[in-house]
Every structure is written in structure tokens, then in C-alpha cells.
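Chain and residue survey
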Amino acid sequence: MFKEIAKGMAFTLKQMLSKPITLQWPEEQKPSPPRHRGRHILHRYDNGLEKCIGCELCAAACPVGCIYVGSAENDPAHPVSPGERYAERYEINLMRCIYCGYCAEACPTEAITLGPRYELADYRRERLVATKEDLLEAWPGFEKSLADNPRGAGADQREQAGRAPGVSPRVAWEDREGAVGQAGRGSPAAGQEGLAPHVPTVATPPKRNPG
Amino acid sequence: MTAALPPATPPPTGEPDEYARARETLGVPSHLEAIELTQIDDDTMELNMGPMHPSTHGVLRLVVNLDGEVVREMRPDIGFLHTGFERSFESHTYQQCIPFTDRMDYLAPPINNLGFSLAVEKLLGIEVPLRGQYIRVIMAELARIGSHLIWFGTHALDLGATTPFLYAWREREKILDINELVSGVRMMTSFIRVGGLMADVPDEFSPMVEDVIHTYPGFIDDYELLITKNPIWLERTRGTGVISVEDALSYGVSGPTLRGSGVPYDLRKAQPYSSYDHFEFDVPIGSHGDVYDRYLVRMQEMRESVRIIKQAFENLPDGPVNTLDRKVALPPRNEINTSMESLIHHFKLVTEGFRTPRGHVYAAVESPRGELGFYLVSDGSNRPYRCKVRAPSFSNLCALPYMCRGELIADVVAVIGSIDIVLGDVDR
Ligand code: SF4
Ligand code: SF4
């Protein structure tokens, strides 16, 4: 009996001397591998045109039907995308999304990819319906910043002083001074005032054959 | 925002005969009736265990009839994790069903993917290239080790050995890292797809798998050092929850639970799929059919899995991983921009999927819990007409009351741990 206890203790003591594998999250972050399937990013071409051509293939491929694409004709004088059409509205219901990556595989122009950002918790459901502004990569050089910082767009955006256009209102709320202290975390009304108007329509799932 | 809610359906009045009438006309079995126990005699006590019990490994409710501390009878009550995946399959294209299969037996998602893919591939009559098959084997065996590590940690924890729990989870982390590397997520990988894989493995895959091959046998030895000859462990597990070969077979028990009773039935040997016949490995069996033998079988199985991974990894052939059948697999990315035909194929496959011939198939794989089978009925459309999952956890759970009869209530926990159920697999 004592032999067994001694053996077990010896093993435990050995473990105490080995390096811990835990990370001090959130201060320390685990780098995401290149294929990481986190929150989506809508990409642009180098000239600023959006890659998305509003073809809705991503919405068709999505197994849970959480993408809504409202496409419109491009104005030839001021095109938004190089194609005939572009996505006027593009919404992903992140609460419903299962991060399967089928949308990225379906997209013919590589307009949508799943990015490295995975900390998506929020206090309000509306903010978890990502609009096109939330998803679209925002500024020139974004690709580079994404490559430099493997934590990706999300982490990068939070550190930007004068936030680039297209930052999720969630950041605006978190950055507001004293918002947390005053209103109390988790209260649904917390930080409501002072938010950019953001009333997304909840993504409508594409029609699916019920049978 | 202030849209009026539709009027609520009036609740049933609760008249007993109203329910009875509904049951009669609809043929609905009464849930409550099904778990009602026969009062054996006045000295027995009825005890509810779960669904929030930490040792039932999920949301399983056990209604236990006790005579003192001895279990007289037991009824498992399942369905708390019912997800309706089998029904969901019917309204999704074949490729879209893959993410659902991940979530059934969530401790070994690649093996679920593999089972479903094999069934559809059998229906289509296509074969995956050898490289694809070998990578499937590597991923499946990694998943088996990962699942057994969780079983080992929680099973030991249930019986009071808190030490190995975190070690097992720490080691499993390496497997999850490999999952994350190849597929992008740690658990719900959806990596194995109908017709092949999501993509070929990246370069970093090799060192990580080599690391597993080299370090895991040592880890397993460490666990055995802690547990296998531990006197408390032996006291608790030997001679507990015995099931004989005949009873195990008649209950449809499979996997390590069956092999612990001494039946060398392993689908990887009995009906080799995904080129398992190319690899040399043994099927460990027990002889007493008790909790301890099932423990030994699973520990040995992890070593065999490492052996399989080693062989598959060393002999990994070059070549494509996906079937070349363009009616099933998406065309390569670079072709989409240059070839109209490929683009049309891409659109067709994404929006409609592929059609399968009419018919029905059954394909089974050896999951960490036993025989995981997919029975698919196809009406010739792009979705399954019906998909029935033969879940190993469900069949093994059916034998639980039998194994627990006459045991002490404290040993019920040991027996549950030893059949290694996943409630997502039981309820689907
Ligand atoms: S990753 Fe999310 S949005 Fe994309 S297809 Fe999957 S569920 Fe839909
Ligand atoms: S993201 Fe891609 S698939 Fe989706 S609408 Fe835009 S171009 Fe089409």
C-alpha cells in the first residue's frame, strides 16, 4: 500500500517540476493557426473594391442558414464591387453560426473567410448579428496587419486609437470611459446611450425545403 | 419590436383521460409511464440519480430502486439532450450533414464524420484516394485516443482518483491542437467530408503527429503507473458490473464494453474500412467482463491506436486526398477563376449538392464506444430520405441496468464510467 502511495506521490512531484502548459488568458493569447475558423472577415481588393459580388452562394451553403445577403446592382460610375452586383446588406447571425467554414469554401471570389478572432461574447444579442460594416475589412494595409498580428482584426481594432471605420459597436461600448463601472456589466441596458445606431435586422434564413 | 405575440395555445386541461385519449389515438407512449417502477416490496427506496448528477457523464437520469444500498432495479431515462439530428439530416444536403455528425458523439467528431461519409460514399459508389484514406485513419485514431483520455480522466475522477484527470486532459490538448491545425477548430472539426477531406493537411502536421507518436506511449505508461495496480482502484472495479458474453451480445453491446467480456469484435478488423487492413494492430480483449477489464482494454487500445497512427503516418502516400469525381468534390480553387465548367460545377455543388442513386446502405465504423452505424435511405434526391444512426452509446446504455443489478449504489458510478457513454450520441 505504502509503495503505491510513494509511487503516486513521486509521479505528482515530478509533474510539479515540469513547466505548466496553461496560458494566462486573456493577457496571454494563444496564436491561431492559419486555418482558424473564428469570426468572419469580408475582404476587399487592393483598390478598395469589395470582393463580394452578392451571389449568395455562402448563404446557400450555410447548413444553419445564418447568412443574409441583400444584393443590389452596382452603379457603373461608383461601383462597390468589380462585378455587376454587390452585397448591399450582408449579415451573419453569430449566435446561430456553427463556424463550419462552408461559407468560405463556397465563396467563388474568396470574399468571405473565417478569421482568427474567437472572443465573441457580448452582453446584447443584437450586437451578435454582425453587419457588413462589422465584417468588412476596413483600411488599406489590413492584410498586412492581419499577417503581422496573428490574433487578427479583432485584437488589432481594439488597439487602434482613432478607430477605423467598420469597427463593431461592441468596441465602442467597451471603450467608453466608465461605462462598465456606472451601469454594471451584464445589465442589458448598459451603455445603450452613446452607441452608434445599430439596429440590425435579424438574418432571415434562406428558404429551405421542409421535407 | 413591439409586435404582438401570437395567442398562446391553451394548455391541456390535464384531465387524466385527455392524455390517455391522446395516447390512444396518436399512439404516443407515455413518457411517465415508461419510467414508472414496479414497487418490489415495501423495504425498497426509489432514488433519482441525475439528470444533473456529475457522474452520469452528461444529462442522464437514472431511476434506481434500492434495497438498502443494493440496486434492485434501474431505469435510465434519456432524451434530455435530444437534438433531432436524424431529422435535420433529411432537410440538408449530404455535405451539409457533416457538421451535424460532429455534434453527436462530440468526443470523437472525426469518427462520426467518417461513418457518415462512408455511408454516402457507399451509396455513390466512389472511393477516396489512398492518401485521403490514410489521413482519415490518422485523424480517427487521434480522436479515439482523445476520447479515451477523457474517459480515463473522468472515470478515475468518478472513483475518487483526482490526480490523473488533469494529466489526461493536458495530453488531450495536443490532439485538439492537431485538430485545430488541420481544420481550424478544436472539436467540431468537420474535417472528413463526403468524398475526401476538407483539405490536405498542412506542413506543420508532421512534427505534431510525430510528437504524439513518440510521447503518448510514455503518457499511457504513466497513467497505468498511477491507476492500474492501485489497490483502491482494484477494490472498486474488479468484479463490478459484470456482463457475460451472451448477455452482452444479446443487448447489442459493442466496442470496448463487449471486448472487455472477451469477444474480439472490432469493426476495424471485422469489416476493414478506410484501408484499416493495411495496418497491423491487435484487438485487446478482457476475460471477466467487469469494469476493470474494460479499463484494461481501453488503455491497451490507446497503445494500439498509436501503433496505427505510426504506420499510417510513416507510409502516408502522396497524391490527392479528395475523390476526382467532379460530381461530388468541389473543383480546385485555381480552376474556378479560369474554367467556366468548373465554376458551374462549383455553383451546382454548393447550391444543390449532389444526387445519390436510389437505395439504402448501412456503413459502420468502430467508434471509441463501439459500432457506430449510419443507415441511409435515398430517394434519389440531394438529401437523405431517412438517416438512422446506430449509436453505440445507446446500445451500451441499454445494458446498464443489467450490469448494475445487485451492485452497490456507489458502484453504479463505476459502471457508468466503464461503458463510456456520450449523451449526445445516446439522444442524437
Ligand atoms: S461558418 Fe457560420 S456562416 Fe459560415 S456556413 Fe458555417 S454556419 Fe454558416
Ligand atoms: S461572400 Fe462570396 S459567396 Fe457570399 S455573396 Fe459574397 S461573393 Fe457570394
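As a starting point, this report considers the structure included with it. Note that the coordinates shown come from a computational prediction; the quantities given were computed from them, not determined experimentally.

This brings us to the overall build of chain A. A count of helices and strands for chain A gives eight helices and five strands. Across the 211 residues of chain A, 33% fall into the buried class. Once local pairs closer than 6 in sequence are excluded, the contacts in chain A between residues at least 24 apart make up 69%.

Our focus in this paragraph is the sheet that holds strand β7 (residues 370-378) of chain B. Residue and element names in this part refer to chain B. The sheet built from three strands is open, its strands ordered β6-β7-β8 with antiparallel pairing. Both outer strands of the open sheet, β6 (359-367) and β8 (386-390), are each paired with one neighbouring strand and no more. Each adjacent strand pair in this sheet contributes to an overall mean axis angle of 15°, direction not counted. Pairing of β7 with β8, which is carried by five bridges, proceeds in the antiparallel orientation. Counterpart to tyrosine 375 in the pairing with β8 is lysine 388. This element, helix α5 (residues 109-124), spans β6 and β7 of the sheet and lies at about 150° to β6.

It is worth spelling out the site of ligand 2 at this point. If you check the shell around ligand 2, you find 14 residues, and the closest are Cys52, Cys55, Leu57, Cys58 and Cys107 of chain A. Residues of the shell around ligand 2, tallied by class, amount to 11 nonpolar, two polar and one charged.

A few words on the interface of chain B and chain A. The accessible area lost on association of the parts is a frequent measure of interface size. The interface is formed by 27 residues belonging to chain B together with 26 residues belonging to chain A. Of all the secondary-structure elements, those providing two or more residues to the side of chain B that touches chain A are α4 (94-102), α7 (163-183), α8 (205-227) and α15 (340-351) of chain B. Sort the elements by how many residues they give to the side of chain B that touches chain A and α7 of chain B lands first, with six residues. Residues that form the side of chain B that touches chain A fall into these classes: 12 nonpolar, 10 polar and five charged.

With that settled, consider the site of ligand 1. Close to ligand 1 lie 13 residues; Cys62, Cys97, Cys100, Tyr102 and Cys103 of chain A are nearest. The class makeup of the residues in the shell around ligand 1 is 12 nonpolar, one polar and no charged.

Residue and element names in this part refer to chain B. Across the interface, helix α6 (residues 130-158) lies against α7 with an axial gap of 8 Å and an inter-helix angle of 165°. By the angle class used here, α6 and α7 are roughly antiparallel. When the axes of α6 and α7 are compared, the crossing they make is left-handed. Seen from α6, the contacting residues are Leu142, Ile145, Gly146, Leu149, Ile150, Phe152, Gly153, Ala156 and Leu157; seen from α7, they are Pro164, Phe165, Ala168, Trp169, Glu171, Arg172, Ile175 and Ile178. Considering only residue class, the contact of α6 with α7 consists of 13 nonpolar, two polar and two charged.

It is worth spelling out the pairing of β6 of chain B at this point. Residues and elements named next belong to chain B. Bridging between β6 and β7 involves nine bridges; their strand directions are antiparallel. Bridge assignment links glutamate 366 to a residue of β7, and that residue is glutamate 371. Taken together, β6 and the strand that follows it, β7, pair antiparallel across an intervening segment of two residues.

In this section: the packing of α8 of chain B against helix α13 (residues 291-314) of chain B. Residues and elements named next belong to chain B. Where α8 contacts α13, the axes come no closer than 10 Å and their chain directions differ by 165°. Classified by the interaxial angle, the pair formed by α8 and α13 is roughly antiparallel. In the packing of α8 onto α13, the handedness of the crossing is left-handed. Here α8 contributes Val209, Val212, Ile213, Tyr216, Pro217, Ile220 and Glu224 to the contact with α13, which in turn contributes Met299, Met302, Arg303, Val306, Ile309, Lys310 and Phe313. The residue makeup of the contact of α8 with α13, split by class, is 11 nonpolar, no polar and three charged.

Counted at 1.5 Å a residue, the expected span for α15 of chain B with its 12 residues is 16 Å, and the 17 Å between its end C-alpha atoms agrees. All of the buried residues in α15 of chain B are His346, Leu349 and Val350 of chain B. When α15 of chain B is viewed along its axis, its buried side chains cluster within an angular range of 95° and face the same direction. Residues of α15 of chain B that are exposed and angled more than 90 degrees away from the buried face: Met340, Glu341 and Ile344 of chain B. For α15 of chain B, the elements touching its buried residues are α2 (57-61) and α3 (102-106) of chain A together with α14 (333-336) of chain B. At the exit of α15 of chain B stands glycine 353 of chain B, carrying a positive phi of roughly 75°.

So, about the pairing of strand β2 (residues 61-67) of chain B. All names here are of chain B. Sheet analysis places strand β1 (residues 45-49) next to β2, joined by five bridges and oriented antiparallel. Pairing of methionine 49 across the sheet is with leucine 62, part of β2. Sheet topology note: the β2/strand β3 (residues 70-77) ladder contains seven bridges and is antiparallel. Residue pairing for β3: arginine 61 is matched across the bridge by aspartate 77. Hairpin connection of β2 to β3: two residues between the antiparallel strands, including glycine 68 at a positive phi of 65°.

Cut-offs and rules
- Residues numbered from 1 in each chain as written.
- Chains lettered and ligands numbered in written order.
- Predicted model: local features only at pLDDT ≥ 70, side-chain atom pairs only at ≥ 80, totals over all residues.
- Helix = DSSP H or I, 4+ residues; strand = E, 2+ residues; numbered from the N terminus.
- Buried ≥ 20, exposed ≤ 12 C-beta atoms within 10 Å, placed from the backbone.
- Contact = placed C-beta atoms within 7 Å.
- Pairing = 2+ DSSP bridges.
- Axes fitted to C-alpha atoms, helices over the stretch in contact; angles between N-to-C directions.
- Near = placed C-beta within 6 Å.
- Nonpolar A, V, L, I, M, F, W, Y, C, P; charged D, E, K, R; others polar.
- Parallel < 35°, antiparallel > 145°, perpendicular 65-115°, else oblique.
- Left-handed = near helix turned anticlockwise from the far one by under 90°.
- Expected span 1.5 Å × (residues − 1).
- Arc of directions from axis to C-beta.

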